[in-house]
Structure formats: C-alpha cells, structure tokens
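What follows is the residue order along each chain.
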Amino acid sequence: MTEQLRLMAVHAHPDDESSKGAATMAKYVSEGVDVLVATCTGGERGSILNPKLQGDPYIEEHIHEVRAKEMDEAREILGVKQEWLGYVDSGLPEGDPLPPLPEGCFALQDVDEAAGTLVKLIREFKPHVITTYDENGGYPHPDHIMTHKISMVAFEAAGDPEKYPEAGEPWQPLKLYYNQGFNRPRTVALHEALLARGLESPYGEWLERWKEFERAERTLTTYIPCSEFFEIRDKALIAHRTQIDPDGGWFRVPMDIQKEVWPTEEYELAKSLVDTSLPEDDLFAGIRNN
C-alpha cells in the first residue's frame, strides 16, 4: 500500500469521538494516517452534564453553537478532520412508557436516505477503514443505534455504482469495526487493579449494572496499543465542557495505572474484504501490505 492510509470514524454526537477511540485516532494521525470524524448530529438535545455549567442561560439557549465550538477544539487536539452529517439529535428518551422521539430527529430518518449522506462522504474521503457502533449502539441511545444502521448500509453501498449514483464515484472501504472500548474485561482489570492498590474504584456500580443486563459478551478482535496518547484523549474529552465533568468518574483512574494495566483500545472486526489474522493490533492489518 503506497498511498496514504485513511480512517473514518462515524459517531452520533460531538464528544463521542473523544470518548470512543480517541487515542487510536491520535496514534494514527501521528503515523501520517488521514483521519476523518463523521458526526451525525449536532448534539442539540444533549443534557449539560458538567455541574459547573448547569443553569447557564447562554449555554442552554445556544447549546448547538456551544457544542460545535467544543467539537472544533477537540478536533484540533486530536489532529483529525471532521464533518457534520447535519442531522438533529434525537435526545435520550426517559420514562415508563418512553415518550415518542421528537419529530424530524436523526433516529426517525429513513435509514436508506440517511445512509446516502454518509455514502457521499465516504466516496469523497475514500477511507480504507471505517469505525462505528455495534447493533446495540454501544449503549441503546437511539442516535447510536441509527449510526450503526446507516454505517452498515453505507459500507455496502459506497462501492456499488448502482447505489446512490448522485453521491459520486464509487469507493469500497475494506474493513469495518465496532468500537468496543467500554468492555467488561477492561473494566474488571482496572477495577481490580485499583482495589489491589488500596484505591477507590469508580467501576463498582458499572460492574453491578453489567450483571443486570443479559447481553452476550462482545468478541474483541483488535487491540490497538495507544497508551502514549491517553493524555491527548483526555484533553479532547475535557474540551467538550458541557458533557464532561473534569472531576467526575472518567478521570479517577490514575494515568500510570491505566497505561500499565490496560494500554490498548479495543474493536470488534465486523466486516473485512481483506485477509487478516485475529487478534489484530492494527486497524489496517491486511491492508498495509496489499
């Protein structure tokens, strides 16, 4: 492979790119890979999760613009390119029964039509590898599940000249991965390492909740060594000030313990048009040498 490698990460909201696979992206940027984040929505219905910013009338009134500026800052920190697909955040419905989703939101779009927007971006950027969410969305937010749906359709359609002819010259990505950074083995390893050192763990409740879900364990196929980029990951995440409490659980595990105990980010290989052997330590395994 003599041309520049290209990676596209498809995410639901601004901040998802910094909490899922950010160290991986920063690593590949440092190696000269062209990395593009495709952000499906503007995050307009995201709650303000940082207690220091809650109740700020300007932020509440201009949340779309605020989150776009946060995305600009995170993009610069990670060194990636970024494009908006232009859909409206669906919000996370709460209650029993759940309320209907807001009219016109991303999760209510026609899947094939919305996939066409992503196909156009794929054909313009020409990624060799795409990362997205699994069929559960990583967690069952309607926008994450919709991101999965359009990514799967677009991966198959982008290389087919008969599909979306108005979206540009066909381009077939070679591999598609699901982000699986929030996996049980990693959480258990960090939890036990903290307790063994006499430190408090933020993962106790997570692990209890995991027992309540009867979801099958995902297959982790790909472990990207990227611990030297964990600080960049955290800096990018903190740039999303409305979404992240810098004093919250995200940052309670000392960096030296993270790097020692779990120095990778994990993925599940969902589709591959090239030969590769598992487990992998490179999203471009099977591509670099073709």
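What counts as what
Residues numbered from 1 in each chain as written. Predicted model: local features only at pLDDT ≥ 70, side-chain atom pairs only at ≥ 80, totals over all residues. Heavy atoms only, no water. Helix = DSSP H or I, 4+ residues; strand = E, 2+ residues; numbered from the N terminus. Buried < 20%, exposed > 50% of the residue type's maximum accessible area, 1.4 Å probe, protein only. Contact = heavy atoms within 4.5 Å. Pairing = 2+ DSSP bridges. Right-handed = clockwise from strand over helix to strand, strands pointing away. Disulfide = S-S within 2.5 Å. Axes fitted to C-alpha atoms, helices over the stretch in contact; angles between N-to-C directions. Parallel < 35°, antiparallel > 145°, perpendicular 65-115°, else oblique. Left-handed = near helix turned anticlockwise from the far one by under 90°.

Trainee: How would you explain the environment of W210 if you had to name every residue and give the values?
Mentor: Positionally, W210 belongs in helix 8 (residues 204-212). When its relative accessible area of 24% is taken as the criterion, W210 is described as partly exposed. Discounting chain neighbours no more than four positions away, the residues touching W210 are F182, N183, R184 and T187.

Trainee: Can you explain the pairing of strand 4 (residues 129-132)? Please cite residues and give values.
Mentor: Consecutive side chains of a regular strand alternate in pointing toward one face of the sheet and then the other. The alternating pattern of strand 4 places V129 and T131 and I130 and T132 on opposite faces, both of which are buried. One ladder, built from 3 bridges, connects strand 1 (residues 6-11) with strand 4; its direction is parallel. Paired with A9 across the bridge in strand 4 is T131. When strand 4 meets strand 5 (residues 175-179), the two strands line up parallel, connected through 4 bridges. Following the sheet pairing, T132 is matched in strand 5 by Y178. What joins strand 4 to strand 5 is helix 6 (residues 142-157), and the crossover it makes is right-handed.

Trainee: Tell me what's going on with the state of the cysteines, and back it up with residues and numbers.
Mentor: One pass over the structure, following the stated rule, counts 0 disulfides. With no disulfide partner, C40 has as its closest neighbouring cysteine sulfur the one in C105, 13 Å distant.

Trainee: Summarise the packing of helix 5 (residues 111-125) against helix 6; cite the residues concerned and give the values.
Mentor: One way to put it is that helix 5 packs onto helix 6 with a least axis distance of 8 Å and a crossing angle of 60°. Relative to helix 6, the element helix 5 lies oblique. In terms of crossing hand, the pair formed by helix 5 and helix 6 is right-handed. Between helix 5 and helix 6, the contacting residues are V111, D112, A114, A115, L118, V119, I122 and R123 on the first element and M146, K149, I150, S151, V153, A154 and A157 on the second.

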